[in-house]
Structure formats: C-alpha cells, structure tokens
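# Structure assessment
Letter by letter, the chains look like this.
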Amino acid sequence: MPAVLSLRDRFIALDRLLTQLRPFWQLRPFALKELPWHQHQSLHHWLQTLDLSACEALERDDQLRAENLASFIDAALPLHAHSQLPEAPTQEMAAYSASTDTLPARLSYHVPGRKWEQIRAFDQALRPAGEQWLEWCAGKGHLGRLLAFRHQRPVLSLEWQHTLCNQGQHLADALKLDCRMQPQDVMAPATTARLHPRQHAVALHACGKLHLRLLRLASEQRLAGVTLSPCCYHLIDEEHYHPLSDSARISRLQLSRQDLKLALQDTVTAGARERRLRQRELAWRLGFDLLQRQLRGEDSYLPCPSAPKSQLSGGFEDYCRWMAARKQLRLPDAIDYAEFEQQGRQRVLTVTRIELVRNLFRRPLELWLALDRALYLQERGYQVTLSEFCDYQLTPRNLLIQAIRRDEPAPPRAAGQ
Ligand SMILES: C[S@@+](CC[C@H](N)C(=O)[O-])C[C@H]1O[C@@H](n2cnc3c(N)ncnc32)[C@H](O)[C@@H]1O
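Because the structure is a prediction, the values reported are computed rather than measured. Each chain carries its own residue numbering, running from 1 in the written order of its sequence. In view of the model being predicted, local features appear only for residues whose pLDDT reaches at least 70, and side-chain atom pairs are presented and counted only at 80 or more, with totals across whole chains, interfaces and linings using the full set of residues. By convention in this description, side-chain values take in all heavy atoms of the structure and omit both hydrogens and water.

Let us now look at the nonpolar core. Definition of nonpolar core: a set of buried residues of the types Ala, Val, Leu, Ile, Met, Phe, Trp, Tyr and Cys, connected through side-chain atoms within 4.5 Å. Any residue under 20% of the maximum accessible area for its type is buried, any over 50% is exposed, and the rest in between are partly exposed; the area is computed with a 1.4 Å probe on protein chains only. Of all hydrophobic cores here, the largest spans 73 residues; its most connected members are Leu47, Trp136, Leu255, Phe361, Trp368, Leu369 and Leu386. Numbering of helices and strands runs from the N terminus, with a helix taken as a DSSP run of H or I at least four residues long and a strand as a DSSP run of E at least two residues long. Among the elements that take part in this core, helix H15 (residues 362-379) stands out by supplying 10 residues, more than any other. Counting 26 residues, the second largest nonpolar core, distinct from the first, contains Leu103, Ala125, Leu143 and Val202.

The geometry of an aromatic ring pair comes down to the distance between the two centres and the angle between the two planes. Any two rings among Phe, Tyr and Trp, with Trp reduced to its six-membered ring, count as a pair given centres within 6.5 Å; such a pair is stacked if its planes are under 30 degrees apart, edge-to-face if over 60, and tilted if neither. In total, this model carries 10 aromatic pairs according to the counting rule given. Here phenylalanine 11 and tryptophan 368 contribute two aromatic rings whose centre-to-centre distance is 5.2 Å and whose plane-to-plane angle is 40°, an arrangement assigned as tilted. Taken together, the residues span a long stretch of sequence, with phenylalanine 11 in helix H1 (residues 7-20) and tryptophan 368 in helix H15 at a distance of 357 residues. You'll find phenylalanine 11 and tryptophan 368 in the same group, each marked buried. With a centroid separation of 6.4 Å and 20° between ring planes, the pair formed by phenylalanine 316 and tyrosine 319 is classed as stacked. In this pair, phenylalanine 316 and tyrosine 319 both sit in helix H13 (residues 316-326), 3 residues apart, roughly one turn of the helix. We classify phenylalanine 316 as buried; its relative accessible area is 4%.

Quick look at a positive patch on the surface now. Each patch is built from residues that are more than 30% exposed by relative accessible area and take part in no salt bridge. Like charges join if they lie within 9 Å; nonpolar side chains (Val, Leu, Ile, Met, Phe, Trp, Tyr) join within 5 Å. Accessible surface is estimated by sampling points in the Shrake-Rupley manner with a 1.4 Å probe; for residues, cover comes only from the protein chains shown. In what follows, salt bridge is the name for a side-chain nitrogen of Lys or Arg lying within 4 Å of a carboxyl oxygen of Asp or Glu. When charges are counted, neither His nor the chain ends are considered; positive counts come from Lys and Arg and negative counts from Asp and Glu. To locate a charge, take atom NZ for lysine, CZ for arginine, CG for aspartate or CD for glutamate. Taken together, the side chains of Arg273, Arg276, Arg280 and Lys309 define a basic patch exposed on the protein surface. Among the secondary structure elements, arginine 273 is positioned in helix H12 (residues 272-296).

Let us now look at unusual backbone geometry. Positioned with a positive phi, lysine 176 is a non-glycine residue whose angle comes to about 55°. Its place among the elements puts lysine 176 in the loop between helix H8 (162-174) and strand E3 (179-183). Residue classification places lysine 176 among the exposed positions, given a relative accessible area of 74%. In this structure, glutamine 328 is a non-glycine residue whose phi angle is positive, near 50°. Residue position: glutamine 328 is located in the loop between H13 and helix H14 (337-358). Given the relative accessible area of 73%, glutamine 328 is considered exposed.

Looking now at empty space enclosed by the protein. One simple way to see leftover space: roll a probe sized like a water molecule over the atoms. Only protein atoms enter the calculation, which uses a 1 Å grid: trapped sets of points that fit a 1.4 Å probe without letting it out are cavities, open sets showing protein on both sides within 12 Å along at least five of seven lines are pockets, and any residue with an atom within 4 Å of a point is a lining residue. Grid points are joined across faces, edges and corners, and a volume is the space filled by probe spheres set on the points. According to the stated counting rule, one finds 1 cavity of 30 Å³ or more in the structure shown. Of the voids in this model, the largest cavity is the one considered here, and its volume is about 40 Å³. Contributing to the lining of the largest cavity are Arg285, Phe288, Asp289, Tyr301, Leu302, Cys304, Tyr319 and Met323. Each residue gets one label: Ala, Val, Leu, Ile, Met, Phe, Trp, Tyr, Cys and Pro are nonpolar, Asp, Glu, Lys and Arg are charged, and the others, such as Gly, are polar. Tallied by class, the residues present in the lining of the largest cavity amount to 6 nonpolar, no polar and 2 charged.

Shown next as structure tokens:
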C-alpha cells in the first residue's frame, strides 16, 4: 500500500473489499445456529478448532487476527492495512504549553478522568480556524471551557438539556470564561440562525443524525472549520443508511441500521465484571432464542431488547419470563430451563467464532463511514484530514475528521514548528 493514500483512494479501496466480502460480515450472528461458511471449508474447519480463549486472544490483537484469517480470506491483510490511520499531529500553540500543570485544576472539575483525557487529546489535535468555537451537542460544555481557556476566543455551546446548560454555564462563569451555553435542539430549524462563517464547529462524540445535521448545516453556512469525532453511526431515523458523498452514493454497498452497529462493536473499555455480565447475557439471549423458536413454532430469529443489568443478577428462568413478557409470548409450565440455558452456553462459542471473522470488518466499516463524511466536506470546499486523535484504549471512537474551508487563511503556526 502507498504510504499516503488520498481520502478518495482509501475509500475506493475499502469500498471494493467490503463489497466483495459481504458474505463474511453482512449477517446477524445471533440469528445463526451454526457457522455460515460451509462452502469455505478450510475456514470452517479452522474456526471449529478455536475455543473461547483462543477467540478472545485473536480479538485482542487486530494484526494477529488479520494474519490468521489471511490464510482463508485473501484480502484480510490489505483490509487491515487500509484501516491504519496516522495519529493527528498535536498542535502546541505559542500562547501556552499543553502540559497538564499549566491548566487550572478547576477546568476539569466534574469531568470524569477518561472523558477529560479524551477532551485534552481532541483539543491538542485541533487546527483552529475562524473566530468563535461552536460546540455541538455540548453536554455540560467541558470541551468548550478548555477551548475558551486555551485559545482565548469565545465559545457558543449548543445543548438541548436545560439542566446541563445551567450546570455548564455555572462552571464556565466560575472561571470567568467567554462561554455561552445555549439551550437548543440542534435538529430544530432555528439552529441554522446560530451558525455563521466565522465559526469553527467542534463535536466530540455526537451521535449519528446529530453529527450528520452538523455536517449539512456547517457546509451550507460555510463555517470556517469543522472538527468532529463521530459516534453511534446507527442512530439515524431511516432503516437504511443514506450516503452523503458522491463517492459513497455510487457504491453498491447497502447498509442497514443493523450493519451500522458493527462499526461500534468493540469492548476495549470493558472491565472484567462487565465482560462476565456480557457473556452471561449472550448465553441467556441465545438460550431464550431457542426457547422462543419452540414457543412460536417457527425456526426464525426474533429481535429482542437488551436486558437491564439488574435482570442479569437473577436466574435464567427469571430472564426468560422478563423477555417473554416483552415479546408477549406465553410460557407454559413445563419448560426445561436448564436445558435451554445449557444450549445457549454452547451457542456462545458459535457466535464468538462468527464474530471473530466479522470483526475483521469492524474498523474498515467505521472508516468507510468516516470517509463518507470526510469526502462530503471535501466535495463542499473543505480541506479535510482523517486521523486518530487518541489511543484506541482511551476510546475506540478515536477517529477525527478535521475540515478547514479552503479559502480560510492558514491557522497560526504552532510554537516550535
Ligand atoms: C454523547 S453526549 C456528548 C456530550 C459531549 N460532547 C461530550 O463528549 O461529553 C451527547 C449530548 O448530545 C445532547 N443531545 C442529544 N440530542 C440533542 C439535540 N437534538 N440537540 C442538542 N443536543 C442534543 C445530549 O443531551 C448529550 O448531552
């Protein structure tokens, strides 16, 4: 692979591989009772040799997984290679040093430690444009406060929850920062009037339709800059994804909301207890799936909601009663719950093996979606980069799209550059 691929070339390469290899990832692992790749005999046999801990070891190491799968899926290594992005260069501004000790501790009051680290990394990767920051779906405006302090320019933060706005305003006022927390539903038509070309919009982890709205409005209103780290790609109103860019609109890839969830399927931040609970829920969900097939007399998958954590501390029978009530299924008295639970546990291994293969496509799909957003801005007159703003362990949603309007003057050079 060439050292630096253009956004469009990277998109085309990923699009071709994802489209060609659809049978390996465009499926619903929960709905399957056995491995679906009988025609790929060597892959099928290899997967059957893997136990849970072997699968988990490969899940922890993307490179190793790609190397192993390359024996069965030719494109596994190119797919992995096309998914490697550069780290965003950090911008050390002349006006301050980025070291933690120069930031007043009060800036990070009420911000959970991990969130603060993400905010700091996001800020350090920013290439400022325009004269005002526009913080999109701001929560309590933690990012906005840091930007106001570090860059000495005003911040307008949009957030629809009044309580969060009040709390954020209070925190900013205590530091005498030029921040305005504005209650605003960003989906409402009135939002347009809040945008103007001298702004640089920032969105840290704004969900699907919220950041899509930002991209559309920001490019229509010709904002000087847009920097966002997208998340929750599946939170859209439509059943199917509607691509934004010209390149993605001509793709043969059709993505359902279910497919979009694959882009978020990682567990790096889960602790041991959370992982155990997840395993239990998976086994119970799969056990209940077999039960519901019997109850309905229909051997097909029935989408079921996730159970609240409290529901996972009881027993399997309680879980089935809870789920049956949700799905309006009547449970007869004579059910061998232990047997269904046992079969559910056995299915966990099958699903884990399927997900091992499917997860090879997780990051490529996420990049495909991010590139669609990046190309959309590029097509609308922005100079765009796509990079990683922090380590994957800090947050798996670590992609950063930075767009500066092409006719915008170059940002001030950072100290020492
Ligand atoms: C995932 S949080 C991100 C908050 C903040 N950017 C951060 O990283 O801490 C999403 C925020 O978007 C807000 N939000 C959701 N829908 C919104 C809407 N339609 N208009 C404005 N804000 C919204 C939520 O209230 C929440 O504070």
